[in-house]
Protein chains: 2
Amino acid sequence: MSLLRTAVSLAGLCLALWASTATAAEYSMTPTKDDQKWLLAKTPPAPADNKTTPERAALGKMLFFDPRLSSERNLSCASCHNPLFGWSDGLPTAKGFKSKVLGRASPTVVNAGYTTIQMWDGRRASLEDQAMGPMESMDEMAMNLDSLFTWLQANPTYKASFAKAYPGEAIDKTTTSKAIAAFERTIVSNDSPFDKWLRGDKKAMTSEQIRGFRLFADPAKGNCAACHQGPNFTDGGFHNIGLASYGQANPDVGRFAIKPLASLKGAFKTPTLRDIALSAPYFHDGSAATLDDVMAHYNKGGATKTDLSSNVKPLNLSADEAGAIVAFMGALTTPPKPITLPTLPPN
Amino acid sequence: MSLLRTAVSLAGLCLALWASTATAAEYSMTPTKDDQKWLLAKTPPAPADNKTTPERAALGKMLFFDPRLSSERNLSCASCHNPLFGWSDGLPTAKGFKSKVLGRASPTVVNAGYTTIQMWDGRRASLEDQAMGPMESMDEMAMNLDSLFTWLQANPTYKASFAKAYPGEAIDKTTTSKAIAAFERTIVSNDSPFDKWLRGDKKAMTSEQIRGFRLFADPAKGNCAACHQGPNFTDGGFHNIGLASYGQANPDVGRFAIKPLASLKGAFKTPTLRDIALSAPYFHDGSAATLDDVMAHYNKGGATKTDLSSNVKPLNLSADEAGAIVAFMGALTTPPKPITLPTLPPN
């Protein structure tokens, strides 16, 4: 390896004259000091008034799985953020009240605790701020919150669980959203083959996956890390990636509806890529069925005639390079721990 | 106790003249030899061609929880037979395709392996025979079975799981329903306080619960065991219990639609009572919200003017007696084991 490296260095000047892109042989196959920036904190930060405790997470888990939080009593948070599908729902876009097809894909809950940008358009700033949204939406759980809190307050099991989790506090929007947020902060992916490799286990990733990581981060190749950067694979920003759905008659303008800047038209938040292999299909419009399709989109470039800001330059990767990046994304899955259902109070 | 018993015997003739019902003092508070008939076999019987194996149950569990077995891809068997609600759904009557309200309550899967009467009207004779029904029903999972099997056959994880569970057999209606049935046979309630008491643990039930059991079985009191008899609390028969819904304009005739005998008009199968405290609301029409409501129905008697066969004589129990029977039904719950979700193949 180091011999090869020397040879490459000697040829470096010459190579630089005819090729601006790095070759696979130049990539370090062992983690560098700089690579450590991809390591994720063991637990997500929690607000001072909602530190994650076992009691809060346990209560939040009950609420998260309880379909009685919806008016039809057949949708829970877990219906769309389903642990069976990487805490998403396996659908192109979500299905809400009476199976109504909604406009955007259900985002995963995985590692949502590590970001302050909630929802595809970032209109919520914390998990606490987000938690009641789907319950209140008439297109989703369509719940009357007053009757929900009346019911929770009257239920002995929930009453006791709230008292343990938030002693002296009321059972209301504040504590209900806090408990759900506390549970969501326990849904964490930070022990994937990639993490193990970063921590020094050289065998944790295959050589194809390591090469995929380098291509992923290489500005002259995948350039994925331009947006999917840092421990949680997101820049915390919003981008129009030139999906076909943005070229349609009444396109989803995304972040622009929240912040009307021309550059934000059709822009959506950069989602985490951790556990990404578990939550197909992909993109906010669910238009990519597989990670290969995701790579195909970026490789051919995205463009809509009506809005040039949506143009995304083609990557022009070889099939082999795109495949390596997909293989790398497969190395971002933390081996799933068995998910145990909570015990809910009977009717 | 024996002193009291002697006193009661001495007064017996006299008492018999003015009261035909036994008093609580006469009930044995310890299990008798005859009581052993209530003990349930440890595992349900399985057909010779579908012995319950771990591989079959594991495959069945995947299928049972997979919403991709429905056309909308958002309903699984577990949506209506939800472990969170005693393997029912907590609703008066089931909600199917696009939340369509169906005519009957979702029956529990608990101990369904011990009976040959499946469905409220008994139109299916085995779990294997029943399993595909909801998938095919356009009001429920509304699934095209051809596309389901094509998908299962093409999915590497399912393909491997079927090969392990049913080596050499096709992935089709037969093996799919067999696997689901094999999983359902693992959903068993046979270790409740009542079972422990029957096996000799005198403290397993409270004295109120024991008294409730005696009242439950006493032909002159609750007389519940006339129908809810034997280890699984069912006579395997069908009865019209005089619910108000049968008095409506177009009543659900139940078993009569399958077997047109006058005595079966509005008759539904006697459900198990094991784990009954977990699966409110009650009756095939979901009209009783609580077990107290169930007792209230039988206590006042059921009657519809249009069909005298639906008359059920009032029990005329005291509030105390009815309460004891409800307490006994609470002793039929096997402490829930944590339910672990299966790992499903990603999309």
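Structure shown above.
Residues numbered from 1 in each chain as written. Chains lettered and ligands numbered in written order. Predicted model: local features only at pLDDT ≥ 70, side-chain atom pairs only at ≥ 80, totals over all residues. Heavy atoms only, no water.

K.L.:
What is the right way to read the relation of the copies chain B and chain A from this model?
P.N.:
One copy of the chain maps onto the second through a rotation around an axis plus a translation along that axis. It takes a turn of 180 degrees to lay chain B on chain A, together with a shift of 0.0 Å along the axis; the resulting RMSD is 0.0 Å. Both chain copies can therefore be described as sitting about a two-fold axis. (Least-squares fit on C-alpha atoms with pLDDT ≥ 70 in both.)

K.L.:
When you look at the pattern of salt bridges in this model, what are you seeing that I'm missing?
P.N.:
Any two side chains of opposite charge can pair, so long as their charged atoms come close to each other. As enumerated under the stated definition, the model contains 36 salt bridges over all chains in all. Between Arg274 of chain A and Asp195 of chain A there is a salt bridge, with its nearest N and O atoms 2.9 Å apart. Residue Arg274 of chain A is located in the loop between strand E2 (268-269) and helix H11 (291-300), and its partner Asp195 of chain A is located in helix H9 (residues 193-198); the two are separated by 79 residues in the primary sequence. A relative accessible area of 1% places Arg274 of chain A in the buried class. Where Arg68 of chain B meets Asp66 of chain B, a salt bridge forms, and the shortest distance between an N and an O atom there is 3.0 Å. (Salt bridge = Lys/Arg side-chain N within 4 Å of Asp/Glu carboxyl O. Helix = DSSP H or I, 4+ residues; strand = E, 2+ residues; numbered from the N terminus. Buried < 20%, exposed > 50% of the residue type's maximum accessible area, 1.4 Å probe, protein only.)

K.L.:
What is the right way to look at the nonpolar core in this model?
P.N.:
Generally speaking, soluble globular proteins have nonpolar side chains that are buried together. Within the largest apolar cluster, 70 residues are counted, with the highest numbers of intra-cluster contacts made by Leu63, Phe64 and Met135 of chain A together with Leu63, Phe64 and Met135 of chain B. The residues contacting Met135 of chain B, other than those within four sequence positions of it, are Leu69, Met141, Ala142, Met143, Leu145, Leu148 and Ile180 of chain B. Core analysis: the second largest hydrophobic core is formed by 35 residues, Phe216, Leu291, Val326 and Leu332 of chain B among them. (Core = buried A, V, L, I, M, F, W, Y, C linked by side-chain atoms within 4.5 Å. Contact = heavy atoms within 4.5 Å.)

K.L.:
Sorry if this is basic, but what is going on with the environment of Ser245 of chain A here?
P.N.:
Residues and elements named next belong to chain A. Mapping Ser245 onto the fold places it in the loop between strand E1 (238-239) and E2. For the pair formed by Ser245 and Leu344, sequence separation is 99 residues and the distance between their alpha carbons is 40 Å. The residues touching Ser245, leaving out its near neighbours within four places in the chain, are Pro251, His284 and Asp285. Engagement of the side chain of Ser245 in a polar contact is seen with the side chain of Asp285, the distance being 2.6 Å. (Polar contact = N/O pair within 3.5 Å; in protein donor to acceptor, adjacent residues only side chain to side chain.)

K.L.:
Any chance you could explain the side chain of Thr270 of chain A here in plain terms?
P.N.:
Tracing the chain through its elements places Thr270 of chain A in the loop between E2 and H11. Once residues lying within four places of it in the same chain are set aside, the contact partners of Thr270 of chain A are Cys227, His228, Phe233, Thr234, Asp235, Gly237 and His239 of chain A.

K.L.:
Where do I start with empty space enclosed by the protein in this structure?
P.N.:
Rolling a probe over the atoms, with the probe sized like a water molecule, indicates the empty space that remains. All chains considered together, the criterion is met by three cavities of 30 Å³ or more. Roughly 730 Å³ of internal volume is contained in the largest cavity. Lining the largest cavity are 40 residues, with Asn74 and Ser79 of chain A together with Asn74, Ser76 and Ser79 of chain B sitting closest to its centre. For the lining of the largest cavity, the secondary structure elements donating two or more residues are helix H3 (77-80) of chain A together with helix H4 (77-80) of chain B. Here the residues of the lining of the largest cavity are counted per class, giving 20 nonpolar, 12 polar and eight charged. (1 Å grid on protein atoms, 1.4 Å probe; cavity = no way out; pocket = protein on both sides within 12 Å on 5 of 7 lines; lining within 4 Å. Points joined across faces, edges and corners; volume = space filled by probe spheres on them. Nonpolar A, V, L, I, M, F, W, Y, C, P; charged D, E, K, R; others polar.)

K.L.:
Would you explain the interface of chain B and chain A in this entry?
P.N.:
Think of interface size as the accessible area that goes away when the parts come together; that is how it is often given. Contacts between chain B and chain A engage 27 residues on the former and 27 residues on the latter. Across the chain B/chain A interface, buried area totals approximately 2400 Å², and carbon plus sulfur atoms make up 61% of it. For the chain B face of the interface with chain A, the top three residues by lost area are Leu84, Leu341 and Asn347 of chain B, together amounting to 26%. The tally of links between chain B and chain A comes to two salt bridges. (Buried area = accessible area lost by both parts, 1.4 Å probe.)

K.L.:
Honestly, unusual backbone geometry in this entry has me stumped. Any pointers?
P.N.:
All names here are of chain A. For the bond running from Ala280 to Pro281, omega is -5 degrees, close enough to zero to count as cis. Tracing the sequence through the fold places Pro281 in the loop between E2 and H11. Of note, Arg73 is a non-glycine position whose phi angle comes to about 60 degrees, a positive value. For Arg73, a relative accessible area of 31% translates into the label partly exposed. Unusually for a residue other than glycine, Asp275 sits at a positive phi of about 60 degrees. With respect to the helices, strands and loops of the structure, Asp275 is situated in the loop between E2 and H11. Classification of Asp275 as buried rests on a relative accessible area of 9%.

Note that every value here comes from positions in space, so none of it alone points to a role or purpose.
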